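# Residue-level structural notes
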Amino acid sequence: MAMASDLYLHYYVEHKGKFGHEFLESEFQPDGKLRYANNNYKNDVMIRKEVYMHKSLMEELKRIIDDNPSPVSTPGIPQRYSH
């Protein structure tokens, strides 16, 4: 499914605590593919999903990002925001 979008967004957050290493990862690709991954600490199972989003949803996501003057950044963590 080809889309006329130049948006690429990668979001990753992790936590190491009582239940070990937990993380959540989302990736929006220019062709509309959304990839999601999450580890389930309770039974040590990785959850992975992929879906193609409608062009209007990608455009709305891009609009929301464009309306935000600066993405949140954590010192020492490289930003992976581009469009």
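All values reported here derive from a predicted model rather than from experimental measurement.

Each helix and strand counted, the chain has one helix and five strands in total. Listing the helices and strands of the chain from first to last along the sequence gives β-β-β-β-α-β. Evaluated residue by residue, the chain yields a buried proportion of 23% over its 83 residues. With an accessible surface of roughly 6300 Å², the chain has 54% of that area assigned to carbon and sulfur atoms.

Attention shifts here to helix α1 (residues 55-67). In a regular helix each residue adds 1.5 Å, so 13 residues correspond to 18 Å; α1 covers 18 Å between its end C-alpha atoms and thus fits that length. Of all the positions in α1, only Met-58, Leu-61 and Ile-65 are classed as buried. Taken around the axis of α1, the buried residues stretch over an arc of 60°, which confines them to a single face.

Take the side chain of Asn-38 next. In this fold, Asn-38 is placed in strand β3 (residues 33-40). Within the structure, the side chain of Asn-38 is placed 3.0 Å from the side chain of Tyr-36, a separation counted as a polar contact. Residues contacting Asn-38, with those up to four places away along its chain left out, are Phe-23, Leu-24, Val-45, Met-46 and Ile-47.

With that settled, the discussion passes to the pairing of strand β1 (residues 8-17). Bridge count for β1 against strand β2 (residues 20-28) is nine bridges, and the pairing is antiparallel. Pairing of Tyr-11 across the sheet is with Ser-26, part of β2. Taken together, β1 and the strand that follows it, β2, pair antiparallel across an intervening segment of two residues.

Along the chain, the position of Lys-49 falls in strand β4 (residues 45-52). The spacing of Lys-49 and Ala-37 is 12 residues in sequence and 6.5 Å in space, taken between C-alpha atoms.

Before going further, it helps to examine the pattern of salt bridges. Counted according to the given criterion, the structure contains seven salt bridges. When the shortest N-O distance is used, the salt bridge between Glu-50 and Lys-33 registers 3.5 Å. Placement of Glu-50 in strand β4 and of Lys-33 in strand β3 is noted, with a sequence separation of 17 residues between them. With a shortest N-O distance of 2.6 Å, Glu-60 and Arg-63 are connected by a salt bridge. Remark: Arg-63 and Glu-60 occur in helix α1; sequence separation between them is three residues, near one turn of the helix. The exposure class assigned to Glu-60 is partly exposed, which follows from its relative accessible area of 33%. Classification of Arg-63 by relative accessible area gives partly exposed; the value is 40%.

Criteria and thresholds
Residues numbered from 1 in each chain as written. Predicted model: local features only at pLDDT ≥ 70, side-chain atom pairs only at ≥ 80, totals over all residues. Heavy atoms only, no water. Helix = DSSP H or I, 4+ residues; strand = E, 2+ residues; numbered from the N terminus. Buried < 20%, exposed > 50% of the residue type's maximum accessible area, 1.4 Å probe, protein only. Areas by Shrake-Rupley, 256 points an atom, 1.4 Å probe, with all protein chains shown as cover. Expected span 1.5 Å × (residues − 1). Arc of directions from axis to C-beta. Polar contact = N/O pair within 3.5 Å; in protein donor to acceptor, adjacent residues only side chain to side chain. Contact = heavy atoms within 4.5 Å. Pairing = 2+ DSSP bridges. Salt bridge = Lys/Arg side-chain N within 4 Å of Asp/Glu carboxyl O.

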